[in-house]
Amino acid sequence: IEEAIEEIPKVSILRIADFGSADGGTSQELWCNLIKKIRSKDKRPIEILYTDLASNDFSTLFRIMQGMQGNSNFAYQNLFNEVYVHGCGTGFHKQLMSDNSLSLGFSATAMHYVSEKPCHINDHVHMVGANVEVKEKFKYQALKDWESILLNRSKELISGGRFICINFGIDEKGRYLGNTGGHNMFDKFSYYWKHLEKENIITNEEFITATFTQHYRTVEEFKKPFKNPDSIVSKSGLRLKSCKTILTDCPYKTNYQNNKKTITAKEYAANLLPTMRSWSETVFRTALAGRKEEEINEIVDRFYYLYQQEIALDPEGHAMDYVHVIMDIEKI
């Protein structure tokens, strides 16, 4: 991102967009450090547009940026002059700002969500565990979405502007989030959700409805729109400057392995499960729509408790290592 800022043509206002930003907390330190570096030699007004779905908690985002919540040391809106923060409650599959107005687009771990679920998965909860026919349906939907994402970013970007995205995906070794050599996290989700069905705690329809609206693209799928010079993406002016994969070890796993004398297996499981739950729970809760809230809470709590108990018995191979595909895209 620092390299991109140096190379992007200078326009009167530096506009940045953080696509799929949630509450902005994850990227806040990044933007704070970047603005600090920019301000050392560049006094232009800076506008940062945070985008997410209309259901996103934008009030928390604005409080974080103003230092009213979270780590105020990174509340860059208070630390630097002429930095303006905006929010957009529309999904990134659409165009979100006017043509030729964006200098730098950024997205981290967001664009694996497809715009619509192409089908339900009958025997698993995620496309990575689906049969070939279902995987193809998700792949087709993800390709259409990826083209839409890129074409809309192309419209928004100025000539010479950049779009840098860090996406969950499948690397050259077939690894993906929660599947890096140990137990497969999504297989475990599926196993324990099916276990609840076998116990008649949930119905088969509720099992099937818990299908993640996600697709993990391979490196080739990410690159595909750029390879053909006659593709609509290439003709829009976008070109792929670089594409690489990176595996980031699960910090909970690393901490446990380095501190086994002080952290028990039970404590490791109790620390790991909440981070898995934080982003996956809504899928299972939504599948139970129509039940009473108290009943939903009991079922979902039991689901994660069963998984946690397995990890507590033997943590080996249980982790949530991140696998990202990092792309640097330029509008020529």
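It should be noted that the structure appears before, not after, this text.
Every value quoted in this text rests on a predicted model; they were computed, and no experiment measured them.

A.B. asks: An account of the overall build of the protein chain is requested, with residue identities and associated values reported.
C.D. replies: Secondary structure assignment for the protein chain yields twelve helices and eight strands. Taken against the 2.2 N^0.38 rule, which gives 20 Å for 332 residues, the C-alpha radius of gyration of the protein chain at 21 Å falls within 12% of a compact globule. Based on the C-alpha atoms only, the size of the protein chain along its principal axes is roughly 65 × 50 × 40 Å. Residues classed as buried in the protein chain amount to 49% of the 332 residues present. In the protein chain, the share of contacts with a sequence separation of at least 24, taken over all contacts with a separation of at least 6, comes to 80%. Distance between charge centres in the protein chain, computed from 41 positive and 44 negative side chains, equals 4 Å.

A.B. asks: Describe the packing of helix α6 (residues 185–198) against helix α12 (residues 293–313), listing the residues and the values that go with them.
C.D. replies: Describing two packed helices takes the angle between their axes plus the distance from one axis to the other. The interhelical angle for the contact between α6 and α12, taken along N-to-C directions, is 125°, at an axis separation of 10 Å. In terms of orientation, α6 lies oblique with respect to α12. Note that α6 runs across α12; the crossing there is right-handed. Residues M185, K188, F189, Y192, W193, H195 and L196 of α6 touch α12, and the partners they reach there are I299, R302, F303, Y304, L306, Y307 and E310.

A.B. asks: For the environment of T254, give the residues involved together with the corresponding values.
C.D. replies: Tracing the sequence through the fold places T254 in helix α10 (residues 251–258). Put simply, T254 and D321 are 67 residues apart on the chain and 10.0 Å apart in space, counted from C-alpha to C-alpha.

A.B. asks: Residue-level account of the nonpolar core, with values.
C.D. replies: Formed by 49 residues in total, the largest nonpolar core has its most connected members in M185, F186, F189, W193, Y216 and F284. Contributing elements (two or more residues each) for this core: α5 (132–156), β5 (157–170), α6, α7 (204–209), α11 (265–287) and α12. Per-element tally for this core: the top contributor is α11, with ten residues. Apart from residues lying up to four places away in sequence, F186 is in contact with H124, V125, H126, V128, Y176, L177, F212, Q214, Y216 and W279. I35, V83, L104 and F106 belong to the second largest nonpolar core, which has 25 residues in total.

A.B. asks: Break down the pattern of salt bridges for me, citing the residues and quoting the values.
C.D. replies: Evaluated as defined, the whole model comprises 21 salt bridges. Across the salt bridge formed by D171 and R175, the nearest N and O atoms sit 2.8 Å from each other. With a relative accessible area of 24%, R175 lands in the partly exposed category. Between E220 and K227 there is a salt bridge, with the nearest N and O atoms lying 2.5 Å from each other. By relative accessible area, K227 is classed as exposed at 52%. What emerges from the salt-bridge pattern is a single network uniting R277, E281, R285, E293 and D301.

A.B. asks: Please provide a residue-by-residue account of unusual backbone geometry, values included.
C.D. replies: Glycine aside, residues mostly have negative phi, and peptide bonds are mostly found in the trans state. Even without being a glycine, E82 presents a positive backbone phi close to 50°. Following the sequence through the fold, E82 ends up in the loop between α4 (76–79) and β3 (83–88). The backbone of N100 sits at a positive phi, close to 55°, despite the residue not being glycine. For N100, the location among the structural elements is in the loop between β3 and β4 (102–108).

Reading the values: the criteria
- Residues numbered from 1 in each chain as written.
- Predicted model: local features only at pLDDT ≥ 70, side-chain atom pairs only at ≥ 80, totals over all residues.
- Heavy atoms only, no water.
- Helix = DSSP H or I, 4+ residues; strand = E, 2+ residues; numbered from the N terminus.
- Rg over C-alpha atoms; globule rule 2.2 N^0.38 Å.
- Buried < 20%, exposed > 50% of the residue type's maximum accessible area, 1.4 Å probe, protein only.
- Contact = heavy atoms within 4.5 Å.
- Lys, Arg positive; Asp, Glu negative; His and termini not counted.
- Charge placed at Lys NZ, Arg CZ, Asp CG, Glu CD.
- Axes fitted to C-alpha atoms, helices over the stretch in contact; angles between N-to-C directions.
- Parallel < 35°, antiparallel > 145°, perpendicular 65-115°, else oblique.
- Left-handed = near helix turned anticlockwise from the far one by under 90°.
- Core = buried A, V, L, I, M, F, W, Y, C linked by side-chain atoms within 4.5 Å.
- Salt bridge = Lys/Arg side-chain N within 4 Å of Asp/Glu carboxyl O.

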